[in-house]
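A structural walkthrough
One letter stands for each residue in the lines below.
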Amino acid sequence: MGATNPNNTANTPAHLAPFLVNNTPVPDEGQLRAQREADLAEIQKDMSRLMGEHDAVASAYAAVLSPVRRVPPEIWTEVFKYCATWPAWLEIHLISTFPPWIYSRVCASWRAIVFSMPRLWEENIRIHAPECMALKDPAAILRTVVNLCSPTHGFTFRFFGSRYGKTMPMDAVPGLPLLELLIQESPRWRSASLHLACQGQVDVVAAVRGRLQLLSSLNLSCNLSDALSNWKPESIRGFEDAPALTRLHIDGSNWKFEERSRFPWSQLSFLHDGRTCVEDEPVDSTYYTDILSQSPGLEYVKIMASHEPNVVPSRVVHTGVKSLEFCDCSILSNFAFPNLTRITRSNDLFAGAEDTPMYAMT
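Residues numbered from 1 in each chain as written. Predicted model: local features only at pLDDT ≥ 70, side-chain atom pairs only at ≥ 80, totals over all residues. Heavy atoms only, no water.

**Considerations on the overall build of the protein**
What the protein contains, in helices and strands, is 9 helices and 12 strands. Looking at the protein residue by residue over its 362 residues, the buried ones come to 43%. Taking as baseline every contact in the protein between residues at least 6 positions apart, the subset at least 24 positions apart corresponds to 62%. Surface accessibility of the protein: about 19,900 Å² in total, with carbon and sulfur atoms responsible for 56%. (Helix = DSSP H or I, 4+ residues; strand = E, 2+ residues; numbered from the N terminus. Buried < 20%, exposed > 50% of the residue type's maximum accessible area, 1.4 Å probe, protein only. Contact = heavy atoms within 4.5 Å. Areas by Shrake-Rupley, 256 points an atom, 1.4 Å probe, with all protein chains shown as cover.)

This is the structure:
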């Protein structure tokens, strides 16, 4: 029962079956084995190729389907806004290393998100005129940034007309093309900080008159050279018509205290006047009495100049001011602030954080 039927070819390979039914000589076993090994080698080669293709496809799918690629654009928007808070201002002359430019260089999707986010650019424009003018076509860079800002929400910028606050020669007008471009866009200014260092910069600023519909905060600083010490700030004009302006910060040296400054005083809630007196001459006490009389909405006042004491007929009463900072106590001889909740005297012009707080005076 256990004998094998020599004529049973069911389990015999096809190429050997004929030899079971005739007397044809059987091929050499070595040749058969070599043929099979060659076939197996070919199959293994194909398998290796297919496995390599499989691994490449799997790796590609892993990259395409990675969690980071499935993050919604809204999440990236919040991430970019958070990262852009340092530095808080875009150094335009360092566009290759500072945000938000650097985010746009990672991939096409990030680039599309960054360039579709006006808020990333609206708060991040800072221009140091001498350094920026060394760039290739700095006006085109600035134009690109401004165009990325919202056309209706406006933008915030800082313009420094000299190298880190240094005064410039009388015939030097650094960054004038950039300042003129900013003035062309002045209807979109939301918060402006202008640090002017030469008469040429001062002259072009007047072109903003009647164009400041969105401006709510202004920081205006003039640090002119000693050769221009006779220059009077009446020549700075254009800011008197700014219907949304509520915060004013003015600063500088060699800026004489003219009889009347042209700002919309009646709208202000915040006034920081950091100007110092020319040649230590005290300011006419009526200068600030007139300003505060025109500014019923003021809540914060900081004045760093010295005053002529006790020359006004009666103290000016201002019920709106809640916070007062000053350098010269003579100001208290000319004003009464019944609603003060905070009063600070600076020991010197550069005291800063070393200001000495005093009890509120009512």
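**Topic: the confidence of the model for the protein**
For the protein, mean pLDDT is 77; residues scoring 70 or higher make up 75% of the total. In the predicted structure, residues 167-171 sits below a pLDDT of 50 and forms 15 contacts with residues beyond four places in sequence or in another chain. This stretch, residues 349-362, has a pLDDT under 50; its non-local contacts, to residues over four places away or in other chains, come to 29 contacts. (pLDDT = per-residue confidence, 0-100.)

**Some points on a nonpolar patch on the surface**
Together, Val57, Tyr61, Val64 and Leu65 line one region of the surface with nonpolar side chains, adding up to about 400 Å² of accessible area. Tracing the chain through its elements places tyrosine 61 in helix H1 (residues 29-64). (Patch = residues over 30% accessible without salt bridge, like charges linked within 9 Å, V, L, I, M, F, W, Y side chains within 5 Å. Salt bridge = Lys/Arg side-chain N within 4 Å of Asp/Glu carboxyl O.)

**Some details on the pattern of salt bridges**
Pairing between side chains of opposite charge can happen when their charged atoms approach one another. Applying the stated rule across the entire model yields 8 salt bridges. Between glutamate 185 and arginine 143 there is a salt bridge, and its shortest N-O distance comes to 2.6 Å. On the criterion of sequence distance, the pair formed by glutamate 185 in the loop between helix H7 (176-184) and strand S3 (189-196) and arginine 143 in helix H6 (residues 138-148) is long-range, its members being 42 residues apart. The exposure class assigned to glutamate 185 is buried, which follows from its relative accessible area of 12%. Each of Arg143, Glu185 and Arg188 takes part in a single network of salt bridges with overlapping partners.

**Side note on the packing of helix H2 (residues 73-83) against helix H3 (residues 108-115)**
How two helices sit against one another is set out by the angle between their axes and by the gap between those axes. Taken N-terminus to C-terminus, the directions of H2 and H3 make an angle of 70 degrees; their axes are 10 Å apart at the nearest point. As summarised for this structure, H2 and H3 are arranged roughly perpendicular, according to the angle between their axes. The element H2 and its partner H3 pack so that their crossing is right-handed. Where H2 approaches H3, its residues Pro73, Trp76, Thr77 and Phe80 are matched on the opposing element by Trp110, Ile113 and Val114. Grouping the amino acids of the contact of H2 with H3 by side-chain chemistry returns 6 nonpolar, 1 polar and no charged. (Axes fitted to C-alpha atoms, helices over the stretch in contact; angles between N-to-C directions. Parallel < 35°, antiparallel > 145°, perpendicular 65-115°, else oblique. Left-handed = near helix turned anticlockwise from the far one by under 90°. Nonpolar A, V, L, I, M, F, W, Y, C, P; charged D, E, K, R; others polar.)

**Remarks on the nonpolar core**
Grouped together as the largest cluster of nonpolar side chains are 70 residues, with contacts concentrated most on Trp189 and Phe239. Setting aside its immediate chain neighbours within four residues, tryptophan 189 contacts Phe155, Phe157, Leu182, Ile183, Leu194, Val208, Leu212, Leu214, Leu215 and Phe239. (Core = buried A, V, L, I, M, F, W, Y, C linked by side-chain atoms within 4.5 Å.)

**Considering the pairing of strand S1 (residues 125-128)**
Of the two faces of S1, the one carrying Ile125 and Ile127 and the one carrying Arg126 and His128 are both buried. Across 4 bridges, the pairing between S1 and strand S2 (residues 155-160) is parallel. Counterpart to isoleucine 125 in the pairing with S2 is phenylalanine 157. (Pairing = 2+ DSSP bridges.)

**Things to note about H7**
A turn of α-helix holds 3.6 residues, and therefore any two residues three or four places apart point the same way. When H7 is considered as a whole, its buried residues turn out to be Leu178, Leu179, Leu181, Leu182 and Ile183. Tucked inside the fold, the buried residues of H7 contact S1, helix H5 (129-132), H6, S2, S3 and helix H8 (199-205).

**Comments concerning the packing of aromatic side chains**
Per the stated rule, a full pass over the model turns up 12 aromatic pairs. Here tryptophan 101 and tryptophan 121 contribute two aromatic rings whose centre-to-centre distance is 5.0 Å and whose plane-to-plane angle is 80 degrees, an arrangement assigned as edge-to-face. Of this pair, tryptophan 101 sits in the loop between H2 and H3 while tryptophan 121 sits in helix H4 (residues 118-122), and the two are 20 residues apart along the sequence. When its relative accessible area of 12% is taken as the criterion, tryptophan 101 is described as buried. A network of ring pairs unites the aromatic residues Trp76, Phe80, Tyr103 and Trp110 as a single cluster. Directly above the aromatic system of phenylalanine 270 lies the positively charged group of arginine 247, at a separation of 3.8 Å from the ring centroid. (Phe/Tyr/Trp six-rings, centres within 6.5 Å; stacked < 30°, edge-to-face > 60°. Lys NZ or Arg CZ within 6 Å of the ring centre and 35° of its normal.)

**With respect to the environment of tyrosine 300**
On the secondary structure map, tyrosine 300 appears in strand S7 (residues 300-303). Here tyrosine 300 falls in the buried class, since its relative accessible area comes to 17%. Here the alpha-carbon distance between tyrosine 300 and leucine 271, two residues 29 residues apart in the chain, equals 6.2 Å. If sequence neighbours within four positions are ignored, tyrosine 300 has contacts with Ser269, Phe270, Leu271, His272, Ser323 and Glu325.

**Overview of the packing of H6 against H7**
Here H6 crosses H7 at 25 degrees, and the two axes come no closer than 9 Å. When the axis of H6 is compared with that of H7, the two are roughly parallel. Crossing of H6 over H7 shows right-handed handedness. Mapping the contact onto sequence places Pro138, Ala139, Leu142 and Arg143 in H6 and Leu178, Leu181, Leu182 and Gln184 in H7. Taken together, the residues of the contact of H6 with H7 break down into 6 nonpolar, 1 polar and 1 charged.

**Points about the side chain of serine 193**
Looking at the element boundaries, serine 193 is found in strand S3. Since its relative accessible area comes to 7%, serine 193 is described here as buried. Non-local contacts of serine 193, meaning those with residues more than four positions away in its chain, are made with Phe157, Arg158, Phe159 and Asn219.

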